[in-house]
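Coordinates in review
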Amino acid sequence: MDFESYDVLVVGGGLAGIRAAIAAVEANPRVKVGMVSKVYPMRSHTVSAEGGAAAALAPGDSYETHAFDTIKGSDYLADQDVVEAFVREAPVEIIQMEHWGCPWSRNPDGTIAVRPFGGMTTWRTCYAADKTGFHMLHTVFQTSLKYPQITRHDEAFVTKLLVEDSRCVGVVALDIRTGRFDAITAKSVILATGGLGRVYAFTTNGNICTGDGMALAYRAGAGLRDMEMVQFHPTGLPFTGILITEAVRGEGGYLLNNQGERFLKRYVPNKMELGPRDIISRAMVTEFEEGRGFEGPHGKYMHLDVRHLGEEMIDRKLPFMRELGREFVGIDIVKDPIPVRPVQHYMMGGVDADISGATPILGLYAAGECANVGLNGGNRLGSNSLPECLVFGAAAGRAAAHYSASAKPVTANPVDAMLWDEARRVEAAYLEKKGGDERIGVIREEMQKEMDAGAGVFRTRDGLSRLARNLGGLRERFEKVKIEDSSRTFNTEIMAALELDFMLEVASAITFSALAREESRGAHARLDFPERDDKKFLKHTLAFHTNALAPRLEYSDVTITNFQPQARTY
Amino acid sequence: MPDKKVTIQATRFDPDRDEKPRLQSYEIPFSDESMVVLDALNYIKSHVDGSLSYRWSCRMGICGSCGMMVNGTPKLTCNAFLRDYWPRPVVVEPLNNFPLIRDLVIDMDDFMHKLKSIKPWIIRKQEIPLGGGEHRQTNDQIDEFRQFSECINCMLCYAACPVYGLNNEFLGPAATALARRYNLDSRDQGLTQRLPVIADTEGVWECSFVGECSVVCPKGVDPAKAIQQTKLDTTMRFVLPFGTRE
């Protein structure tokens, strides 16, 4: 069997993955880079990021305040050495994106403009109107086309990491168009597969956000860190979950309850609409429970009101929001308030990786949302994730190129055998299996409902225990799944089955990590343990895969440098 | 109305089995006024027929995956509302003018090659170092190319283009708009490198200015304008070889 072989193989074609691929080539122009993505790269979910990318660029801003805002925002679960390195690198990366053509919105003097954002104490969020992720992704993807060292494998789905003697030497990938399994070997592999929002029913995340990279690393023996830390964004459109950017509040929008009241005065009086996402989402749910939400056909909601900002400002700074309102809700945000409610948005947790993206598995790196490098802790600040993709994508690309320069070549024999085993496993489980009667779509919908109910904005031991039991039941039913599509060509039902398999893995890691963290910190709010407990839980959770439903949990220390934990009030 | 139904007729084609595409009819619950064509396809795939294949992801009109012909018009199915078609059946077919891979999935490799051919990246005679900071660029300068940078590569314009339908060597609307996006960017100096591709006989000159590309664009991009401007540009290059910017 022949297979492609690379020095560096990137899995995922979003902002972190492409940034990693370019960084690897720029670190060493002789490096051969592969990039495998289950969708064409410009479909990656980076495209949906709206509000902006934070970096201490503006006059009067400082690394220290960006670091402190991030650490306080994380509820002190961020690793402070990682945050300090991140804030120094972020401005460089924003300039690099500018040189590559990103159409950043500008100040009158032609410098890059910044806007206010939640949890940030000063204006530091660079933006390209309200399509920042879209512009960054297309800029970096189009730029990547000029590097002949980068070879893409578009629409190929990685089903397994090849690990030989505790060293990652590539992947097995299903070519979606042909149904063929390929071994793609590499001296190093960078996971940049994004988030897992689709384990929830109500999410801003696209259909492709199924936690693939996290599940791949988890099954290969890497730890998943802080998986209980799931971000709920305060402002999603009811029914669709479409994101209404935090920049709406950054630019001066109000959140109003059914009394017409800016209710955040009771929760984050000093920051109001510019409070952090975790606290505002909890405030909204609390208001709903106390009867101060609007009732709609798709559940309770609040009003996000920008009418006082005026049409000229809205068209200049929030044109996509006006378009989304018009196209998807049938309102004009210049004249009508926007209905919003909290929605799953981002995963703080992810593959345990160090400051350069290295995981505990030799040759395996991770960057972007699928990784946990220790930047976001218990709650990510809005506009830190785009620079996270750039800074840590680049770091992982450089580290992988450097490691690959001296790594041993990959040998063919064990790879052949591993490819054969993996292809047989998938075919036996899905293509050749007879007699199953469970529908993938039904199991997926039930998992999503269970996750919304048990691992949402507020959690309890009872709710999480019930969720764990129900996930066990869904896993058993998944073993009896029925695949109706027997074609080799573009079989999206097999894809859906493989994705659901991965989602059930990461859902269980979330649930058991959340059950064990008996405190409230950041986005993890336990009604039965409402206080933060630094004595017991100023720790990272590490979940390791086992043959049972429940992972094995370990804890590791949080790195504190300059900022001692204190009460988190806004 | 709990019992409201909608009929979806979707193209089915498996190259391993079928000689040619056919339409398959599904009647599904039209349970919510907010449902779009993509929701209907997802309902079919989850609850009726798991073998139906199509691409989609963001369902908010920005990733560009879910373009299909809806009752004969190229549309993003994530914002084609069922209520606008009901009670008539909704016919969902793969985008016109592309080779068909499977069901509603088209082969867009041709565009990916065209995209690369127009060198869609900033080209400069001399890079300024990162330490030198950003290029100064005013919002007015961005407005010069802004609309062309909004292309989501959804392929609706190619599906609507009668010229591309006859001759797929034609560079076509989106690729020309993106070339224009870079040529108009005050930071870019790559016009002369792009000209051989866009001014080629199969480049902009094939366009017969039907303008359908601009009509179907879901993002307000005007590729027809990009093509006409490029024609003017390339003509001016012959008449006035020393433009103000390379």
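Residues numbered from 1 in each chain as written. Chains lettered and ligands numbered in written order. Predicted model: local features only at pLDDT ≥ 70, side-chain atom pairs only at ≥ 80, totals over all residues.

Moving on, we get to the overall build of chain A. The secondary structure content of chain A amounts to 15 helices and 22 strands. Computed over the C-alpha atoms, the radius of gyration of chain A is 23 Å, within 12% of the 25 Å expected from 2.2 N^0.38 for a compact globule of 570 residues. Once the C-alpha set of chain A is aligned to its principal axes, its extents read approximately 65 × 55 × 50 Å. When the 570 residues of chain A are sorted by exposure, 64% land in the buried category. Looking at chain A alone, contacts between residues at least 24 apart form 75% of all its contacts between residues at least 6 apart. (Helix = DSSP H or I, 4+ residues; strand = E, 2+ residues; numbered from the N terminus. Rg over C-alpha atoms; globule rule 2.2 N^0.38 Å. Buried ≥ 20, exposed ≤ 12 C-beta atoms within 10 Å, placed from the backbone. Contact = placed C-beta atoms within 7 Å.)

Along the backbone of chain B there are nine helices and seven strands. Sorting the 246 residues of chain B into buried and exposed places 48% on the buried side. Counting only contacts in chain B whose residues sit at least 6 apart along the sequence, the fraction spanning at least 24 positions is 66%.

Moving on: the sheet that holds strand β4 (residues 114–115) of chain A. All names here are of chain A. Pairing is antiparallel across the open sheet formed by three strands, whose spatial order is β3-β5-β4. For this open sheet the edge positions go to β3 (53–54) and β4, each flanked by a neighbour on one side alone. In the sheet, β3 pairs with strand β5 (residues 125–126) via two bridges, with the strands oriented antiparallel. Bridge pairing in β5 links Ala 53 to Cys 126. (Pairing = 2+ DSSP bridges.)

Attention shifts here to the sheet that holds strand β21 (residues 539–544) of chain A. Residues and elements named next belong to chain A. One open sheet holds the five strands; their spatial order is β18-β16-β10-β21-β22, and the pairing between them is mixed. Taken across any chain shown, the strands that pair with only one partner, and hence form the sheet edges, are β18 (371–372) and β22 (552–557). Relative to β21, strand β10 (residues 224–225) runs antiparallel, the two sharing two bridges. Opposite Arg 225, over in β21, you have Leu 542 as the bridge partner.

Looking now at the environment of Leu467(A). Residue and element names in this part refer to chain A. Locating Leu 467 in the fold gives a position in helix α13 (residues 461–478). Here Leu 467 falls in the buried class, since 26 other C-beta atoms lie within 10 Å of it. When the C-alpha atoms of Leu 467 and Thr 210 are compared, they prove to be 19 Å apart, with 257 residues separating the residues in sequence. Residues in contact with Leu 467, not counting those within four places in the same chain, are Glu 450, Gly 454, Ala 455 and Thr 511.

For the rest of this paragraph, the subject is helix α1 (residues 15–27) of chain A. All names here are of chain A. An ideal rise of 1.5 Å per residue puts 18 Å on 13 residues; α1 measures up with 18 Å between its terminal C-alpha atoms. When you tally the buried positions in α1, you get eleven out of 13 residues, the bulk of the element. Among the residues of α1, Leu 15, Ala 16, Gly 17, Ile 18, Arg 19, Ala 20, Ala 21, Ile 22, Ala 23, Ala 24 and Val 25 are the ones counted as buried. Buried residues belonging to α1 abut β1 (4–11), β2 (33–37), α4 (132–144), β6 (150–154), β9 (180–191) and α10 (385–406). (Expected span 1.5 Å × (residues − 1).)

This next bit is on the nonpolar core. All names here are of chain A. If you look at the biggest cluster of nonpolar residues, it comprises 267 residues, and the most contacted ones within it are Val 8, Ala 20, Val 171, Val 189, Ile 190, Leu 191 and Tyr 365. Among the elements that take part in this core, helix α14 (residues 492–516) stands out by supplying 16 residues, more than any other. Residues in contact with Val 189, not counting those within four places in the same chain, are Leu 9, Val 11, Leu 161, Cys 168, Gly 170, Val 171, Gly 363, Leu 364 and Tyr 365. (Core = buried A, V, L, I, M, F, W, Y, C linked by C-beta atoms within 7 Å.)

At the junction of Trp86(B) and Pro87(B), the peptide bond is cis and its omega measures out at 5° in the coordinates. Within the element layout of this structure, Pro87(B) appears in the loop between β4 (73–76) and β5 (90–93). Even without being glycine, Glu155(A) reaches a positive phi, approximately 55°. Checked against the element boundaries, Glu155(A) lands in the loop between β6 and β7 (156–164). At Met155(B), a residue that is not glycine, the phi angle is positive and equals roughly 80°. Along the chain, Met155(B) falls in the loop between α3 (139–145) and α4 (156–160). Classification of Met155(B) by C-beta neighbours within 10 Å gives buried; the count is 24.

All names here are of chain B. Per-residue confidence for chain B gives a mean pLDDT of 93; residues scoring 70 or more make up 95%. Counting interchain partners and residues more than four positions distant, the pLDDT-below-50 stretch residues 241–246 has five contacts. Reported for the predicted complex are a pTM of 0.97 and an ipTM of 0.96. (pLDDT = per-residue confidence, 0-100.)

Moving on, we get to α4(A). Taking 1.5 Å as the rise per residue, α4(A) with 13 residues should run 18 Å; its terminal C-alpha atoms sit 18 Å apart, in good agreement. Where burial is concerned, most of α4(A) is hidden: 13 out of the 13 residues are buried.

Moving on, we come to the packing of helix α2 (residues 63–73) of chain A against helix α3 (residues 80–99) of chain A. Residues and elements named next belong to chain A. Two numbers describe how α2 lies on α3: the axes approach to 9 Å, and their chain directions differ by 135°. Regarding the angle of α2 to α3, the classification is oblique. Here α2 and α3 pass one another in a crossing that is right-handed. For the pair α2 and α3, contact is made by Tyr 63, His 66, Ala 67, Thr 70 and Ile 71 and by Gln 80, Val 83, Glu 84, Val 87 and Arg 88, respectively. Its residues placed into classes, the contact of α2 with α3 shows five nonpolar, three polar and two charged. (Axes fitted to C-alpha atoms, helices over the stretch in contact; angles between N-to-C directions. Parallel < 35°, antiparallel > 145°, perpendicular 65-115°, else oblique. Left-handed = near helix turned anticlockwise from the far one by under 90°. Nonpolar A, V, L, I, M, F, W, Y, C, P; charged D, E, K, R; others polar.)

Turning our attention to the pairing of β5(B). Residues and elements named next belong to chain B. Relative to β5, strand β1 (residues 5–12) runs parallel, the two being bridged by three bridges. Note on β5: the bridge partner recorded for Ile 8 is Val 90. Of the strand pairs in this sheet, strand β3 (residues 67–70) and β5 are connected by two bridges, and their pairing is antiparallel. In the strand pairing of β5, Val 70 is matched with Val 92.

With that out of the way, let us pick up the pairing of β3(B). Residues and elements named next belong to chain B. Across four bridges, β3 lies against β4 in antiparallel orientation. Its bridge partner lying in β4, Met 68 is registered against Lys 75. Where β3 folds back onto β4 in an antiparallel hairpin, the turn is made up of two residues, including Asn 71, whose phi is positive at roughly 45°.

Residue and element names in this part refer to chain A. Each assigned domain of chain A is listed with its residue range as follows: domain 1 (1–229 + 348–570) and domain 2 (234–342). Averaged C-alpha coordinates put domain 1 and domain 2 at centres separated by 28 Å. The interface of domain 1 with domain 2 comprises 27 residues on the first partner and 28 residues on the second. When the residues that make up the side of domain 1 that touches domain 2 are grouped by side-chain class, the tally is eleven nonpolar, twelve polar and four charged. (Domains from an automatic or database assignment.)

Another aspect to go through is the interface of chain B and chain A. Facing 43 residues of chain B, the contacting portion of chain A comprises 49 residues. Elements represented by at least two residues in the side of chain B that touches chain A include exactly α1 (37–48), β6 (100–102) and α3 of chain B. No other element matches α1(B), which puts three residues into the side of chain B that touches chain A. Split into classes, the residues belonging to the side of chain B that touches chain A amount to 13 nonpolar, 18 polar and twelve charged.

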